[in-house]
Amino acid sequence: MTGECRCILAVVVLCLCLLVPTEAVGGAKSRPKPQRRPPKKPKVDPIDSTPPAQNIDIQQMTGKWYLLNTASKCSYLIKHGTKVEPTVMTLMGSSDQTLSVSTKTRHNHQCWEILQQYHLTSTPGKLTLKGTRPELNTDIVVGETDYTSYAVLYYQKLGKVTVKLYSRSVDDLSEPILTKFEQLAEKHGMGLAYLFPFPTYSHCSDVDQDHKINCVPTC
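Residues numbered from 1 in each chain as written. Predicted model: local features only at pLDDT ≥ 70, side-chain atom pairs only at ≥ 80, totals over all residues. Heavy atoms only, no water.

### Side note on the overall build of the protein
- A tally of regular secondary structure across the protein gives 3 helices and 10 strands.
- Each helix and strand of the protein, placed in order from N terminus to C terminus, yields the pattern α-β-α-β-β-β-β-β-β-β-α-β-β.
- Counting contacts in the protein only where the partners sit at least 6 residues apart, residues at least 24 apart contribute 61% of the total.
- As presented, the protein carries roughly 13400 Å² of accessible surface, and 52% of it is formed by carbon and sulfur atoms. (Helix = DSSP H or I, 4+ residues; strand = E, 2+ residues; numbered from the N terminus. Contact = heavy atoms within 4.5 Å. Areas by Shrake-Rupley, 256 points an atom, 1.4 Å probe, with all protein chains shown as cover.)

See the structure below:
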């Protein structure tokens with residue numbers, strides 16, 4: 001599989017965006033007068049304002065979860081949000097310190113499986129998906145769940161937050177839960193224009209070995 005396809009699948013699975021510096025526009029400008037810099041405010045990551053669910057039991061999170069909705073400002077989703085494919089995530093407890101993660105989705109009419117590993121932290125309900133460098137790690141918070149029907153997960157990479165709504169089944173969740181998800185996304189500045197519902201049918205089942213991407217330990 002080409003590197004470009006691997007990159008696209010990583011974006012589809014994580015729905016996270018890298019920060020891209022804005023290029024300067026126009027010709028030379030006069031040198032601005034030096035100004036006194038205001039004191040720097042302590043840096044607070046957006047996800048730090050989102051505590052995990054109380055008394056979370058991560059082992060009860062294991063099993064199959066269907067992705068129902070994603071709140072994100074990811075440019076890929078904004079451009080292709082109407083073409084998202086059914087996605088299912090399976091969590092498996094591989095050790096006391098890690099969770100094995102299998103995500104199956106479709107790309108160009110082909111089923112793919114992405115294998116990852118979430119590392120548990122000292123805070124219950126907080127996990128880490130390690131990147132190739134520490135600054136590229138993805139912080140994950142289990143924001144809300146009842147273990148049996150729904151879960152809201154927050155993913156943060158490079159200061160950008162994506163919120164995902166998962167369900168234990170492909171059946172529609174209750175209206176109060178859907179409304180709650182919209183409200184949680186709104187708290188991170190993502191209104192209805194940044195919500196991307198995922199299909200609840202035709203999920204991938206078995207995936208042949210040639211279409212598995214092993215992102216353990218990193219990708």
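### Points about the state of the cysteines
- Considering all chains together, one arrives at 1 disulfide under this definition.
- Covalently, Cys-111 is tied to Cys-204 through a disulfide, its sulfur atoms 2.0 Å apart. Because the sign of the S-S torsion sets the handedness, a value of about -85 degrees for the bond joining Cys-111 and Cys-204 places this disulfide among the left-handed ones. Taken together, the residues span a long stretch of sequence, with Cys-111 in strand 4 (residues 110-120) and Cys-204 in the loop between strand 9 (195-197) and strand 10 (212-214) at a distance of 93 residues. Just as Cys-111 is buried, Cys-204 falls in that class too. (Disulfide = S-S within 2.5 Å. Buried < 20%, exposed > 50% of the residue type's maximum accessible area, 1.4 Å probe, protein only.)

### Some words on unusual backbone geometry
- Looking along the chain, the bond that leaves Val-216 and enters Pro-217 is cis, with omega of 5 degrees.
- Within the secondary structure layout, Pro-217 lies in the segment after strand 10.
- In this structure, His-109 is a non-glycine residue whose phi angle is positive, near 70 degrees.
- When you line up the elements, His-109 lands in the loop between strand 3 (98-107) and strand 4.
- Positive phi values are uncommon outside glycine, yet Ser-202 reaches one of about 60 degrees.
- Among the secondary structure elements, Ser-202 is positioned in the loop between strand 9 and strand 10.

### Here we look at the environment of Thr-90
- Along the chain, the position of Thr-90 falls in strand 2 (residues 88-93).
- On the accessibility criterion, Thr-90 (22% relative accessible area) is partly exposed.
- Spatially, the C-alpha atom of Thr-90 lies 8.6 Å from that of Tyr-66, the residues being 24 residues apart in sequence.

### Quick look at the packing of aromatic side chains
- Under the defined criterion, the tally for this structure stands at 0 aromatic pairs.
- Across the ring face of Tyr-194, the terminal group of Lys-73 is positioned such that the distance to the ring centre comes to 5.2 Å.
- Against the face of Tyr-155 rests Lys-164, its NZ or CZ located 4.8 Å from the ring centre. (Phe/Tyr/Trp six-rings, centres within 6.5 Å; stacked < 30°, edge-to-face > 60°. Lys NZ or Arg CZ within 6 Å of the ring centre and 35° of its normal.)

### Points about the pairing of strand 7 (residues 150-157)
- Counted residue by residue, strand 7 has 8 buried out of 8 residues, so it is predominantly covered.
- Covered by surrounding structure in strand 7 are Tyr-150, Val-152, Tyr-154 and Gln-156 together with Ala-151, Leu-153, Tyr-155 and Lys-157, the residues of both alternating faces.
- Two successive antiparallel strands, strand 6 (residues 138-145) and strand 7, enclose a turn made up of 4 residues, where Tyr-147 displays a positive phi of approximately 70 degrees.
- Across 8 bridges, strand 7 lies against strand 8 (residues 160-167) in antiparallel orientation. Looking at strand 8, one finds that Tyr-155 is bridged to Thr-162.
- Between the antiparallel neighbours strand 7 and strand 8 lie 2 residues, among them Leu-158 with a positive phi of about 55 degrees. (Pairing = 2+ DSSP bridges.)

### What to know about the nonpolar core
- Counting 25 residues, the largest nonpolar core has Met-61, Met-89, Tyr-118 and Leu-153 as its most contacted members.
- Among the secondary structure elements, those contributing two or more residues to this core are strand 1 (63-71), strand 2, strand 3, strand 5 (126-129), strand 6 and strand 7.
- In terms of residue count, strand 7 provides more of this core than any other element does, 3 residues in total.
- When sequence neighbours within four positions are dropped, the list of residues in contact with Leu-153 reads Met-61, Met-89, Ile-140, Val-141, Val-142, Thr-162, Val-163, Lys-164 and Tyr-166. (Core = buried A, V, L, I, M, F, W, Y, C linked by side-chain atoms within 4.5 Å.)

### Focus on the confidence of the model for the protein
- Summarising the model, the protein shows a mean pLDDT of 86, and 81% of its residues fall at 70 or more.
- Taken together, the stretch residues 16-29 has pLDDT below 50 and engages in 16 contacts with residues farther than four places along the chain or on a different chain. (pLDDT = per-residue confidence, 0-100.)

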